[in-house]
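Fold and geometry: a report
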Amino acid sequence: RENKESTLKLKRTSYKASVQENSSKKKTLAVITAVGNQVNEPLFFTILNPDKRIEISRTSGALSTTGIPFDREEQDTYDVVVEVTREDLEEVAHVLVTISIEDVNDNPPMFVNLPYHALVQMDAQVGQVIRQVTAVDSDIGNNAEIFYHLQDQNEYVQISQTGEISLKRQFEKE
């Protein structure tokens, strides 16, 4: 349908935008603009792959979020294809808007391979690693960093920041 000699030209071939996950604020992502069209000549904007979280003003080309939150762990980027048409529908242009979803620290770390069991010999030496525990976090970057510590102090065992449980003090024979 796109005419090879189309005089309908867009200012940019693509746009990039970002949205913070879980946000219910409405946010303008991009304003699609054309070049070379007559001042009073109306243009119409439509999203070719609609999503309930994104809307476009039919006449201004302002692309924005609707306030329905995004979940980065579900999908971290969205490609939105906007079609621009002249009033007579003779000329058409398309533009791609790539929306990145920014991470929020909304996922707690979770231990894997539970439960943990360990046997320790009576004559085990101080510093001997008894067990490695592992947790995962589905956030990214700093939000996914995991540090381990014991909830209650223990006179016999300690845990490293990497999840190694080791002997802190030797067991007495009795």
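Analysis parameters
Residues numbered from 1 in each chain as written. Predicted model: local features only at pLDDT ≥ 70, side-chain atom pairs only at ≥ 80, totals over all residues. Heavy atoms only, no water. Helix = DSSP H or I, 4+ residues; strand = E, 2+ residues; numbered from the N terminus. Rg over C-alpha atoms; globule rule 2.2 N^0.38 Å. Buried < 20%, exposed > 50% of the residue type's maximum accessible area, 1.4 Å probe, protein only. Contact = heavy atoms within 4.5 Å. Areas by Shrake-Rupley, 256 points an atom, 1.4 Å probe, with all protein chains shown as cover. Lys, Arg positive; Asp, Glu negative; His and termini not counted. Charge placed at Lys NZ, Arg CZ, Asp CG, Glu CD. Polar contact = N/O pair within 3.5 Å; in protein donor to acceptor, adjacent residues only side chain to side chain. Pairing = 2+ DSSP bridges. Axes fitted to C-alpha atoms, helices over the stretch in contact; angles between N-to-C directions. Phe/Tyr/Trp six-rings, centres within 6.5 Å; stacked < 30°, edge-to-face > 60°. 1 Å grid on protein atoms, 1.4 Å probe; cavity = no way out; pocket = protein on both sides within 12 Å on 5 of 7 lines; lining within 4 Å. Points joined across faces, edges and corners; volume = space filled by probe spheres on them. Nonpolar A, V, L, I, M, F, W, Y, C, P; charged D, E, K, R; others polar.

Brief notes about the overall build of the chain
For the chain, the count of helices and strands is zero helices and 14 strands. Scanning the chain from its N terminus toward the C terminus, one meets helices and strands in the order β-β-β-β-β-β-β-β-β-β-β-β-β-β. For the chain, the C-alpha radius of gyration of 28 Å lies well beyond 16 Å, the compact-globule estimate for 174 residues. Taken along the three principal axes of its C-alpha coordinates, the chain extends 95 × 30 × 20 Å. Within the span of the chain, comprising 174 residues, buried residues form 32% of the whole. The contacts in the chain between residues at least 6 apart in sequence include a share of 60% that link residues at least 24 apart. Looking at the chain as shown, the accessible area adds up to about 11,500 Å², and 50% of this sits on carbon and sulfur atoms. With 18 positive and 28 negative side-chain charges, the chain shows a spacing of 5 Å between the two charge centroids.

Focus: the side chain of E91
Assignment of secondary structure puts E91 in the loop between β8 (77-86) and β9 (92-102). Within the structure, E91 has its side chain in polar contact with the side chain of R86 (distance 2.8 Å).

A closer look at the sheet that holds β9
Backbone hydrogen bonds are what pair the strands of a sheet, in a parallel or an antiparallel way. Read across the open sheet, the four strands follow the order β2-β9-β8-β5; overall the sheet is mixed. Two strands close off the open sheet at either side, each with one partner strand: β2 (14-20) and β5 (43-47). Direction aside, neighbouring strands of the sheet carry axes that sit 25° apart on average. Pairing analysis gives seven bridges linking β2 to β9, with the strands arranged parallel. Across the sheet, K16 pairs through a bridge with T98, a residue of β9.

A look at unusual backbone geometry
Cis peptide bonds are those with omega within 30 degrees of zero, and the linkage from L114 to P115 qualifies with -5°. Secondary-structure assignment places P115 in the loop between β10 (110-111) and β11 (129-132). Notably, N22 is not glycine yet its phi reads approximately 70°, a positive angle. In this fold, N22 is placed in the loop between β2 and β3 (28-31). The class for N22 is partly exposed, based on a relative accessible area of 38%. Phi angles above zero are rare outside glycine, and N113 is one such case at about 60°. Relative to the helices and strands, N113 is located in the loop between β10 and β11. Look at N113 and you get exposed, because its relative accessible area is 65%.

Side note on the sheet that holds strand β14 (residues 164-167)
Taken in spatial order, the three strands line up as β11-β14-β13 in an open sheet, and their pairing is antiparallel. Edge positions in the open sheet fall to β11 and β13 (157-159), since each of these has one partner strand only. Going across the sheet, the axis of each strand differs from the next one's by a mean of 25°, ignoring polarity. Note that β11 and β14 share three bridges and pair antiparallel. In the sheet register, V129 faces β14, and the bridge partner there is S166.

Structural notes on the packing of aromatic side chains
For the structure on display, the rule yields four aromatic pairs. On the numbers, 6.3 Å between centres and 45° between planes, the contact of F111 with Y148 is tilted. Pair noted here: F111 is in strand β10 and Y148 is in the loop between β12 (135-136) and β13, with a separation of 37 residues, a long-range link. Site record: aromatic cluster; members linked through ring pairs are F111, Y116 and Y148.

Overview of the layout of surface pockets
In this model, the largest pocket occupies a volume close to 340 Å³. In terms of lining residues, the largest pocket is bounded by 15 residues, among which H149, L150, Q151, I159 and I165 are the most central. For the lining of the largest pocket, the residue count by class is 11 nonpolar, three polar and one charged.

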